[in-house]
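A closer look at the structure
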Amino acid sequence: MGLAFVAGQLGSIFKVTITVIGAFGGALGGAFIMGIFIPCVEKVGASVGMLAGLLSTALLTYQSLALKIPYDILPGSIENCPSGTNFTMVINMANNTSNVTE
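Residues numbered from 1 in each chain as written. Predicted model: local features only at pLDDT ≥ 70, side-chain atom pairs only at ≥ 80, totals over all residues. Heavy atoms only, no water.

1. A word on the overall build of the protein
Rule in force here: Under the scheme used here, helices are H or I runs from DSSP no shorter than 4 residues and strands are E runs no shorter than 2 residues, and both carry numbers assigned from the N terminus. Each residue is assigned to one of three classes by its accessible area relative to the maximum for its type, calculated with a 1.4 Å probe on protein chains only: buried under 20%, partly exposed between the two thresholds, exposed over 50%. The protein chains shown are the only cover counted for residues, whose accessible areas, like all others here, come from Shrake-Rupley with a 1.4 Å probe.
When its secondary structure is counted, the protein shows 4 helices and 0 strands. Traced from its N-terminal end to its C-terminal end, the protein shows the element sequence α-α-α-α. Within the protein, the fraction of its 102 residues that count as buried is 9%. For the protein, the computed accessible surface area is about 8,800 Å², with 70% contributed by carbon and sulfur atoms.

2. Comments concerning helix α3 (residues 43-67)
Applied cut-off: Expected helix span is given by 1.5 Å per residue-to-residue step, counting one fewer step than there are residues.
Its 25 residues place the ends of α3 34 Å apart at the C-alpha level, agreeing with the 36 Å of an ideal helix rising 1.5 Å per residue. Inspection of α3 places A46, G53, T61 and L65 among the buried residues, and these make up the whole buried set. Looking one or two places after α3, you find K68, whose phi comes out positive at around 50°.

3. Overview of helix α2 (residues 13-37)
Operational definition: We define the bend at any residue as the angle between the axes fitted to the seven residues before and including it, ending there, and the seven starting there.
Under the 1.5 Å per step criterion, the end-to-end length of α2 is 35 Å for 25 residues, consistent within 8% with the ideal 36 Å. Where α2 bends most, the angle comes to about 30°, and this point is G25. The set of residues buried in α2 consists of V16, A23, A27 and A31.

4. Quick word on the confidence of the model for the protein
Definition in use: Each residue carries a pLDDT value, the predictor's own confidence for that position, ranging from 0 to 100.
Overall, the prediction assigns the protein a mean pLDDT of 76, with 69% of residues at 70 or greater. By mean pLDDT, helix α4 (residues 87-98) is the weakest element of the protein at 61, and α3 is the strongest at 86.

Below, the structure is given as structure tokens:
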């Protein structure tokens, strides 16, 4: 019943649903993938890891939905980059630096 009073403050039901599924699905998916690719993981270790993931994502979800803590959006433009810079150029520069011989 308490959730009914809070539901009006959370925003759209779609946003809340996707956020909650993402928060809990991440920890569950991580434990599942870990169980597939790391066979030596024991039940206690996987449970502790999943619980830590659930707690951390629950805290972030609470801050996002209930507290509405603002965050800065990083700039996505290339206006201040040197002229002629494009994404292909950045990839080529990254590939060339990894092939440097001493």
